[in-house]
Amino acid sequence: MSTENLPQSPEQPPRKPRVAVVFGGRSSEHGISVVTAGAVLRAIDRTKYDVLPIGITRDGRWALTADEPERMAITDRRTPSVEELAESNEGGVILPVDPANREVVYSEPGSVPKALGEVDVVFPVLHGPYGEDGTLQGLLELSGVPYVGAGVLASAVGQDKEYMKRVFTSFGLKVGPYVVIRPREWERDESAARKKIIDFAGEHGWPLFVKPARAGSSIGITKVDDLAGLDEAIAEAQRHDPKVIVEALLRGREIECGVLEFEDGPRASVPAEIPPAQSHAYYDFEAKYIDSTPGIVPAALTPEETAEVQRLAVEAFEATSCEGLVRADFFLTEDGEFVINEINTMPGFTPISMYPQMWQASGIAYPELVDRLVEAALRRSTGLR
C-alpha cells in the first residue's frame, strides 16, 4: 500500500534553549542580585530562549520564583528579596548532578516532585560569596551544565581581593599598596594585627580603605581618616568577611572598562569615569545603587589613554583566565599611570550599571549584550578547557 497520499505528521519545531536565571544568594549582595536578575529577565529574547527564574534565599534554599521582573526593583530605597518572590516558603528546586541529565526538578514536602524540563545554560547573576566566587560554578561543572561568565578558578580569584592582586602583580600589572589581615592573625593576636595596619598607615599615610576581602558592591567598606576610626572599620568589614584587606589611598581618577568575550576572543569597551560622589565620602553602595551617582561614558581620556586602559583591561581578563565578561576598575594616577584596583567577574548588570552603559556606548545595547553572553556560554563546554 502506498503511503504517498497519507497525511504526514508535521515535524516538531526545534526546542528553544532553556536559560535558568539564578539570582539572590547568601551574600550581603542578595538584593542587588535580585535587581540584576529583573533587568536580565526583562531583556532576554523570549522568542529565542525559554526562561526559568530560580532564586536562592538568604538561607540557601533554591526557590521557584515568579517570572515578574517588575517586582525585582529598588523601591523606597529598599532592595527586593527572593523570599518575596518565591512561589512557596518550603518548596525547593533541585539541579541535576548527573552530566547526562539536565532535568530540573521542583519538590515540596508531601507532594510528588515536578519535572521542570531540561536546562541548557545557567545565567548566574549572583554577586559575592556563594555564587560569584566559584562555588556555584563548581556545582555547575559537576552537573555538566554550561553557564555564563567566569569558571571556577577565575571566579574564586576575582572574588578574593588579595589573591586577585597577587595574580595581577605576577603578570606585570601594577596594583596599589595593601595589607591583609587573615582571620587566624586576628584570633591569635589582635594587637599585633592592628599594629600591622598602623605600621602600614605610617608608611603610606591616612586615609585608608578597610574592606572585606571577599565582598563587592562596596558593602562593608569604610574610609578611615585616622586611628580613632580603625577598630570600628575593622569590625564593619569583619561583619561581611573574617578576612580584611586594607588599601592605601590612590590619588587620581577612577576609570572603569568592560571586557566582553566575542567569537574571536575578548574585546574592551569604551572606558567610563566615576566622578567623585558629591554627597558621599567615596563611591559606596548608596552612591552606586540607591542615589545612582551617574558615571561619565565615555571617559574624557586621550586616545592613547583609552587604548592603554583597554589593553590593560583585556590583560587582566586574560591573566585571571576569565570568560564571558569582566569589569576592570583602575585609577589613573596624577603621574599618568594606570593602576588596577580590581575586577568584577559578574559586575552590576542593571541597565544603569556601568558595565552595560560602557557597552551601550560601544554599540552593543543591553538586550544584545545579554544575548551575546548566553551565546558565548552555549559555545563553551564544561570541564577542563
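Residues numbered from 1 in each chain as written. Predicted model: local features only at pLDDT ≥ 70, side-chain atom pairs only at ≥ 80, totals over all residues. Heavy atoms only, no water.

Caption draft 1: Quick peek at the packing of aromatic side chains. All chains considered together, the criterion is met by five aromatic pairs. Plain terms: the ring middles of F262 and W359 are 6.0 Å apart, the flat faces sit at 50° to each other, and that makes the pair tilted. One end of the pair, F262, is in strand β12 (residues 252-262); the other, W359, is in helix α11 (residues 354-361), with 97 residues separating them in the sequence. Among the residues examined, F262 registers a relative accessible area of 7% and is labelled buried. (Phe/Tyr/Trp six-rings, centres within 6.5 Å; stacked < 30°, edge-to-face > 60°. Helix = DSSP H or I, 4+ residues; strand = E, 2+ residues; numbered from the N terminus. Buried < 20%, exposed > 50% of the residue type's maximum accessible area, 1.4 Å probe, protein only.)

Caption draft 2: Spotlight on the sheet that holds strand β1 (residues 18-24). Read across the sheet, four strands follow the order β3-β2-β1-β7 without closing on themselves; strand pairing throughout is mixed. Unpaired on one side and paired on the other, β3 (62-64) and β7 (121-124) mark the two borders of the sheet. The mean inter-strand angle of the sheet, taken between neighbouring strand axes irrespective of direction, is 30°. As paired elements, β1 and β7 share four bridges and run parallel to each other. Bridge pairing links V22 to P124 in β7. (Pairing = 2+ DSSP bridges. Axes fitted to C-alpha atoms, helices over the stretch in contact; angles between N-to-C directions.)

Caption draft 3: The arrangement of the pairing of strand β16 (residues 338-344) in detail. Among the seven residues in β16, seven count as buried, and that is most of the element. Pairing geometry for strand β15 (residues 325-333) and β16, over six bridges, is antiparallel. Each residue of the ladder has a partner; that of L332, found in β16, is F338. Here β15 folds back onto β16 in antiparallel fashion, the turn holding four residues, of which G336 has a positive phi close to 80°.

Caption draft 4: The arrangement of a nonpolar patch on the surface in detail. Judged by side-chain polarity, I198, W206 and L227 come together as a nonpolar surface patch covering roughly 250 Å² of accessible area. Relative to the elements of secondary structure, L227 occurs in the loop between β10 (222-224) and α8 (230-238). For L227, a relative accessible area of 48% translates into the label partly exposed. (Patch = residues over 30% accessible without salt bridge, like charges linked within 9 Å, V, L, I, M, F, W, Y side chains within 5 Å. Areas by Shrake-Rupley, 256 points an atom, 1.4 Å probe, with all protein chains shown as cover. Salt bridge = Lys/Arg side-chain N within 4 Å of Asp/Glu carboxyl O.)

Caption draft 5: Quick look at unusual backbone geometry. The omega torsion of the bond from W206 to P207 falls at 0°, within 30 degrees of zero and hence cis. Examined against the element boundaries, P207 turns out to sit in the loop between α7 (190-204) and β9 (208-212). Note that the residue after V297, namely P298, is joined by a cis bond; omega there is -5°. Tracing the backbone through its elements, the reader meets P298 in the loop between α9 (285-290) and α10 (303-319). Of note in this structure, R77 is not a glycine but carries a positive phi near 65°. Tracing the chain through its elements places R77 in the loop between β3 and α2 (82-85). Positive phi values are uncommon outside glycine, yet S321 reaches one of about 60°. On the secondary structure map, S321 appears in the loop between α10 and β15. Overall, the relative accessible area of 45% leaves S321 in the partly exposed class.

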